[in-house]
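Structural overview for review
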Amino acid sequence: MQPLSRKKRIFYFSLFSVIFVIATLFLVSYATGYRLSNTLGVSHTGGFYVTSVSSGSNISVAGKFITKTNLFQRSALVQNLKPATYDISVTKDGYQSWNKKLLVFPERVTEAHPFAIKQNPVLTQVFPYFVEGDYASSTDLVGTTTKHGIISSDYTDVKNLFATTTSSNGSTLLVTATSTTKTLRKLVVVESKDSLKVSWIGNADEEPYYFCQNDTCKDSVDIVTKSRVKNFDFFPGRDDLLVVSLDSGIFAIEIDNRSEQNIQTIAEDKNLEFRVGSNGLIYIKKGQNLYSVSI
Amino acid sequence: MRYQDTSYFKVGRASDLSGNDRVLYRLLEIMPGLLSWVTILGTILLSIFAPVAAAYFIIAFDVFWLLKTIYLSIHLRHNWKRIKYNLSEDWAEKLSGMKYDHLTHMIILPFYKESIEIVDQSVESLRASQYDKRKMILVLAGEGAVGKHNEEVANYILKKYGNDFGTIIHTTHPAHLEGEMPGKGSNIAYAAEQARLRILDPQHLDYHTVIVSAFDVDTVAYTQYFLCLTWYFLTAKDPMKVSFQPVPFYNNNIWNAPAISRVAAGSSTFWQMMQQERPEKLATFSSHSVSFQALYEIGYWQKNMVSEDSRIFWNLFLAHNGDYAVVPISYPVSMDANLAPTLRQTAVNIYKQHRRWAWGVENLPYFLFGFIKNKSIPLWTKIRTSIVQIEGFWSLATNPIMIFLLGWLPVVLGGSRFNKTILSYNLPMFTRNIMIVAMLGLVLSAAIFISFLPDHPKNKKIFANFPMVLQWVLIPFTITIFGAIPGLDAQTRLMFGKYMGFWVTPKHRNDK
């Protein structure tokens, strides 16, 4: 039996060389967003990268269902979109929906980081004592014994949180006569004249996605609310989301103002105060009662 | 002056030369490592400063790699069919109309500290081979450095097989000879000369009619190996201008070797099988055969370097002004897969063995220097051979690293601006998908590997067959850890002039 003939080998080599050139050109073009259009022309497309904080969320673009997130796949890359404005929606049963109109640019991926808070967030009261009726006793100098309830350390921590004007989620606070400033990493949020202004003071290369559209970036983002902002802080674990206290309740507001900002309700009532704990939980104070929020 | 008469014909390293020759040789030693490092570091730097260009390059490289895999698989599959055909062929019948009783086979079996059992198995396979043993000379080439063990092995073999071959002799290579590096090259060169003085000349054998097979000590010849080799020798256009290369199977202890060893061994076999279909890329490797006349003309194997098995081909190539080739005989010999008492030690041995093989890169400066010096070699032969060989060493050291490690680099290093492009999202997906498609080729690998396995040992359960298939998922790991990294290691050592010595792969048998 003869070895592979030289003629065959030259044929394979030539064939594969041609395939290499064609496939490389095609794949590089495809990878950068070029697509054949229906009219056999070439269109230059872009896409969205949509993340979801939880599994079981339905992601739709322009009314078309894209995917349902799961434990292993919590994001979706939507390609082949011609440059235009698209409606993106992320919904999940029992959660408030998130909708955004965003632009697609050629060769670019527009990021979207939705959030979803339960339609009826559960408020769990933080009690001062572990168990009602559980007492410790102490005896004073004259020998009188008194029973005390054992105070929960969690309660003490939360109570202390509300005793200060700041939360303990890593952000820093600066209060002056005219404004309140909160800083998280290189993000600065300034409350001034009943509005919030979010600025980036870090390296331009690390600027959060919502400051930029295509290659054009803004210096700051304004957040306008329906009523006076009584208090605000960064949403736990997010640098694109704020928790704000308004006259009508406590809300999560996204900083991203590339289109109308999404606002979702955490708790609706008057005279509510909130703090963000170092454990990533949001606490609410209503009257003298303290609550943790399951969102 | 003939090239083999020049002072630099058997140069081992740059420091053996002086003046401009030394500088030139040193630059050629630096070149392969530099090329590999420039490729890897260049891709990293490109990923930082020009991530889009890096991404284009990686996509092109992915496609290149996939097509190369398919291209090589075609060669592998053809050689698989050819080996099966050659194994089923009756070579005695094929030789029946030919005159070959004038030929003599000389088998040089060098040994060091290997056990009697290993030498015995190899010699037994020679005795069992279908060839007129009167026409076979066995040279047991021992090392004086191991003293008593050398004598014990030789005495055992001489006593057991003394009457089974035309001639059997024992040679003892003296330790610490000046200008020699301890290793197989110096041993078999000494043994060949001893055989000439003690056998060929006294028996008035024509050097042209003696076929020398330089075997590794664990080489077990298949029964018709020498008949097959004889046929190829007789049908070669000019048998004095070719070497004969069998396919090394690592089957001797394959059922006892761990998965990483089996995959590494199988991959080495597959590489040799592909090369058998691309003889212009083939240099002699491990066990090989060549006429005594060709060896004698150039003074046998080089004694001052490690990779004597490949160097002998380049010696002959330069000595014959490029008119020398390797004939791939597509017939197997069986050798040992790496096996040590512990898995860790096996892994270390595989790494060291592959680094020694990759140290074959020391031949690159040798023949490139020879191409510059030897004006009698046709220019096109020089260019073609240089490109083919440089690409081979470059591929070995860089391709697996590029494929398995660098695909994500522009995404990690390219910065936020690049990470907002659709290209940055597609790049990892493309690399992953191309890898998956390429991995489908492993089905072929598994099928070929299984088809050449020796009989299932009685003490192994039938389930032992499954790991022989499943093991191939280790390929991305083994070709990086036991292919690219030792390749890069060897090239880097050569680049910095940290020359390697000969490392003898320990032979261990575990018959549990």
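Residues numbered from 1 in each chain as written. Chains lettered and ligands numbered in written order. Predicted model: local features only at pLDDT ≥ 70, side-chain atom pairs only at ≥ 80, totals over all residues.

Assigned secondary structure in chain A consists of two helices and 26 strands. Residues classed as buried in chain A amount to 28% of the 295 residues present. Taking all contacts inside chain A whose residues are at least 6 apart in sequence as the whole, residues at least 24 apart take part in 48%. (Helix = DSSP H or I, 4+ residues; strand = E, 2+ residues; numbered from the N terminus. Buried ≥ 20, exposed ≤ 12 C-beta atoms within 10 Å, placed from the backbone. Contact = placed C-beta atoms within 7 Å.)

The next subject is the overall build of chain B. A count of helices and strands for chain B gives 19 helices and eight strands. In summary, chain B has a C-alpha radius of gyration of 24 Å against a globular reference of 24 Å for 512 residues, a match within 12%. Counting over 512 residues, chain B shows a buried share of 49%. A sequence separation of at least 24 residues applies to 83% of the contacts in chain B between residues at least 6 apart. (Rg over C-alpha atoms; globule rule 2.2 N^0.38 Å.)

Right, let's get into the sheet that holds strand E6 (residues 242-249) of chain B. All names here are of chain B. An order of E3-E2-E1-E4-E7-E6-E8-E5 is seen for the eight strands of this open sheet, with the pairing classed as mixed. Both outer strands of the open sheet, strand E3 (167-173) and strand E5 (220-221), are each paired with one neighbouring strand and no more. Across four bridges, strand E4 (residues 210-214) lies against strand E7 (residues 288-291) in antiparallel orientation. Each residue of the ladder has a partner; that of Val212, found in E7, is Val290. Where helix H5 (residues 148-161) meets the sheet, it contacts strand E2 (136-143) and E3, and its direction lies at approximately 160° from that of E2. (Pairing = 2+ DSSP bridges. Axes fitted to C-alpha atoms, helices over the stretch in contact; angles between N-to-C directions.)

In a pair of packed helices, the angle between the axes and the distance between the axes together describe the arrangement. Residues and elements named next belong to chain B. Where helix H10 (residues 308-319) contacts helix H12 (residues 363-373), the two axes come as close as 10 Å, and the packing angle between them is 0°. Taken as axis vectors, H10 and H12 run roughly parallel relative to one another. Contacts between H10 and H12 pair Ser310, Arg311, Trp314, Phe317 and Leu318 from the former with Asn363, Tyr366, Phe367 and Gly370 from the latter. Within the contact of H10 with H12, the residues separate by chemical class into five nonpolar, three polar and one charged. (Parallel < 35°, antiparallel > 145°, perpendicular 65-115°, else oblique. Nonpolar A, V, L, I, M, F, W, Y, C, P; charged D, E, K, R; others polar.)

This brings us to unusual backbone geometry. Residues and elements named next belong to chain B. At Tyr300, a residue that is not glycine, the phi angle is positive and equals roughly 65°. Within the secondary structure, Tyr300 is located in the loop between helix H9 (292-298) and H10. You can call Tyr300 buried: it has 25 C-beta atoms within 10 Å. Phi angles above zero are rare outside glycine, and Ser330 is one such case at about 50°. Relative to the assigned elements, Ser330 resides in strand E8 (residues 325-334). The exposure class assigned to Ser330 is buried, which follows from the 26 C-beta atoms found within 10 Å.

Quick look at the interface of chain B and chain A now. Between chain B and chain A, the residue contacts involve 24 residues of the former and 24 residues of the latter. Looking at the side of chain B that touches chain A element by element, the count peaks at 12 residues for helix H2 (residues 51-88) of chain B. Its residues placed into classes, the side of chain B that touches chain A shows 15 nonpolar, six polar and three charged.

The next subject is the environment of Arg198 of chain B. Relative to the elements of secondary structure, Arg198 of chain B occurs in helix H6 (residues 184-200). Sequence separation between Arg198 of chain B and Arg355 of chain B is 157 residues, and the spatial gap between their C-alpha atoms is 36 Å.

All names here are of chain B. Helix H11 (residues 343-358) packs onto helix H8 (residues 259-276) with a crossing angle of 20° between their chain directions and a minimal axis gap of 9 Å. If you check the angle between H8 and H11, you find them roughly parallel. For the element pair H8 and H11, the recorded crossing hand is left-handed. Between H8, through Ile260, Ser261 and Ala264, and H11, the contact on the second element is made entirely by Thr346, Ala347, Ile350 and His354. Looking at the contact of H8 with H11, its residues break down into four nonpolar, three polar and no charged. (Left-handed = near helix turned anticlockwise from the far one by under 90°.)

Another point: the nonpolar core. Core analysis: the biggest nonpolar cluster contains 197 residues, and Leu242 and Val243 of chain A together with Ile108, Leu109, Leu138, Val139 and Val212 of chain B have the highest contact counts within it. Element by element, the count of residues in this core is highest for H2 of chain B, at 11 residues. Look past the residues within four positions of Leu138 of chain B in its chain and what remains in contact with it is Ile107, Leu109, Val123, Leu126, Phe165 and Ile168 of chain B. (Core = buried A, V, L, I, M, F, W, Y, C linked by C-beta atoms within 7 Å.)

An α-helical turn contains 3.6 residues, so a residue and the one three or four places further along point in the same direction. Its 21 residues place the ends of helix H19 (residues 475-495) of chain B 28 Å apart at the C-alpha level, agreeing with the 30 Å of an ideal helix rising 1.5 Å per residue. Gly497 of chain B sits one or two positions beyond H19 of chain B and adopts a positive phi of about 70°. (Expected span 1.5 Å × (residues − 1).)

All names here are of chain A. Taking strand neighbours across the sheet as the criterion, the four strands line up as E10-E26-E25-E24 in an open arrangement whose pairing is antiparallel. Looking at strand neighbours, the two that pair on one side only are strand E10 (122-125) and strand E24 (272-276), the edges of this open sheet. For this sheet, the mean angle separating the axes of adjacent strands, direction not counted, is 35°. In the sheet, E24 pairs with strand E25 (residues 282-286) via five bridges, with the strands oriented antiparallel. Looking across to E25, one finds that Leu272 is bridged to Lys286.

In this section: the confidence of the model for chain B. Scored by pLDDT, chain B has a mean of 92; 99% of the residues are at 70 or more. Among the scores for the predicted complex, ipTM is 0.85 and pTM is 0.83. (pLDDT = per-residue confidence, 0-100.)

Residues and elements named next belong to chain A. Burial along strand E15 (residues 187-192) is one-sided: the face carrying Leu187, Val189 and Glu191 is buried and the face carrying Val188, Val190 and Ser192 is not. Where strand E14 (residues 180-184) meets E15, five bridges bridge the pair, whose relative direction is antiparallel. The residue bridging Leu184 from the neighbouring strand is Leu187, located in E15. Strand direction decides the pairing type here: E15 and strand E16 (residues 195-200), joined by six bridges, are antiparallel. The residue of E16 that forms the bridge with Val188 is Ser199.

Residues and elements named next belong to chain B. On E7, burial covers both faces: His288 and Val290 on one face and Ser289 and Ser291 on the other are all buried. Bridge analysis of E6 against E7 gives two bridges, and the strand direction is antiparallel. Its bridge partner lying in E7, Ser243 is registered against Val290.

Another point: the environment of Pro208 of chain A. All names here are of chain A. Relative to the helices and strands, Pro208 is located in the loop between E16 and strand E17 (212-213). A C-alpha to C-alpha distance of 7.9 Å links Pro208 and Asp240, two positions 32 residues apart in sequence. With residues up to four places along the chain from it excluded, the contact list for Pro208 reads Trp200, Asp239 and Asp240.

All names here are of chain B. Locating His288 in the fold gives a position in strand E7. Residue class for His288 comes out buried when judged on the 23 C-beta atoms lying within 10 Å of it. For His288 and Pro248, which are 40 residues apart along the polypeptide, the C-alpha to C-alpha distance reads 9.6 Å. Once you skip the residues sitting within four places of it in the chain, His288 turns out to touch Ala214, Ser243, Phe244, Gln245 and Asp309.

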